[in-house]
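Tertiary structure, described
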Amino acid sequence: NWLAAVPSPGVGTAQPPVITVQPLGQQVECGSNVLLSITVEGTEPIHHQWYWMFYPIANATNATLLLNGVHSTNAGNYYVVITNAYGAVTSAVASLTIETTPYIIAPPQGSDLFQGATVTLTVTAGGSAPLSYQWQFNNSPIADATNATLTLNNVQLANAGRYAVRVNNRVGTVLSSSATLTVVVPPTVSITNPKNGNSYSTNSVITITVMASDQ
């Protein structure tokens, strides 16, 4: 039967590369191992070249790309160009996001204040967003103190002590160094002489006496 000798359409014909499974973006913790892969059909031999941010990656010429111990400099967009003798195709972009634990850039700073003053403590932190904050006073959490700044109004002696802030994100936590806040009560000063309302003649010698006290 001569019909049995007729090949099916496409069988034995040259095929340019066709991507059947695209590389997928990932969001991983700093230090993780990352595997990017692609599945391609077409006439062999098929060649792969992986790219990072439009730059070819040296020796990245397989269907898989393994990144060991990734850190922030590995974050970005990855894709692969596939070629054979009959054509070329570029994969979809796989975005790699590296999550880093929080770290303190600038800790809160202590200060000396007079009683009744207002002070704002500030921390600057880095790391993968979102970051959350919890301020502490003498190692105990402060209610509703969950921003990067902490404002204390009308400070009193009871507010004197050590302030720190714990910064958290999904992958870790860090505690800032402590800022020491010192509250000073202003001295009490009174003029005891001359008495209020005293009258003096011209050229009189007047002795002014002051009494001062503090805690």
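Residues numbered from 1 in each chain as written. Predicted model: local features only at pLDDT ≥ 70, side-chain atom pairs only at ≥ 80, totals over all residues. Heavy atoms only, no water.

Some points on the environment of Thr-90
You can see Thr-90 is positioned in strand 9 (residues 87-90). Sequence separation between Thr-90 and Asn-169 is 79 residues; the distance between their C-alpha atoms is 36 Å. (Helix = DSSP H or I, 4+ residues; strand = E, 2+ residues; numbered from the N terminus.)

Some words on unusual backbone geometry
In this chain, Glu-44 is followed by Pro-45 through a cis amide linkage whose omega measures 0 degrees. One can find Pro-45 in the loop between strand 4 (39-41) and strand 5 (47-52). The residue after Ala-129, namely Pro-130, is reached through a cis peptide bond having omega 0 degrees. Locating Pro-130 in the fold gives a position in the loop between strand 14 (124-126) and strand 15 (132-137). At Asn-59, a residue that is not glycine, the phi angle is positive and equals roughly 65 degrees. Summarising the element assignment, Asn-59 is placed in the loop between strand 6 (55-56) and strand 7 (64-67). Residue classification places Asn-59 among the exposed residues on the basis of a relative accessible area of 74%. If you check the backbone angles, Asn-138 has positive phi at about 50 degrees while not being a glycine. (Buried < 20%, exposed > 50% of the residue type's maximum accessible area, 1.4 Å probe, protein only.)

Some details on the pattern of salt bridges
A complete count under the given rule lists one salt bridge for this structure. Arg-170 is paired through a salt bridge with Glu-99; the nearest N and O atoms lie 2.4 Å apart. Separated by 71 residues along the polypeptide, Arg-170 in the loop between strand 18 (161-169) and strand 19 (172-175) and Glu-99 in strand 10 (residues 94-99) bring together distant segments of the chain. (Salt bridge = Lys/Arg side-chain N within 4 Å of Asp/Glu carboxyl O.)

Re the confidence of the model for the protein chain
Across the protein chain, the average pLDDT comes to 92, with 94% of residues at 70 or higher. Counting contacts from residues 1-11, a segment whose pLDDT is below 50, to residues more than four positions away or on other chains yields one contact. (pLDDT = per-residue confidence, 0-100. Contact = heavy atoms within 4.5 Å.)

A few points about the environment of Thr-188
Within the element layout of this structure, Thr-188 appears in strand 21 (residues 188-193). Taking the C-alpha atoms as reference points, Thr-188 and Asn-74, separated by 114 residues in sequence, lie 63 Å from one another. Not counting residues within four places of it along the chain, the set of residues in contact with Thr-188 comprises Met-211, Ala-212 and Ser-213.

Here we look at the packing of aromatic side chains
Under the definition given, this model contains three aromatic pairs. Between the aromatic rings of Tyr-51 and Tyr-79, the centroid separation amounts to 5.1 Å while the plane-to-plane angle is 5 degrees, which identifies the pairing as stacked. Taken together, the residues Tyr-51 in strand 5 and Tyr-79 in strand 8 (residues 76-84) connect sequence positions 28 residues apart. (Phe/Tyr/Trp six-rings, centres within 6.5 Å; stacked < 30°, edge-to-face > 60°.)

Thoughts on the environment of Gln-134
Here Gln-134 lies in strand 15. Residue Gln-134 is classed as partly exposed on the basis of its relative accessible area of 24%. As a C-alpha pair, Gln-134 and Asn-168 span 34 residues in sequence and 8.5 Å in three-dimensional space. Look past the residues within four positions of Gln-134 in its chain and what remains in contact with it is Pro-141, Ile-142, Ala-145, Thr-146, Ala-164, Val-165 and Arg-166.

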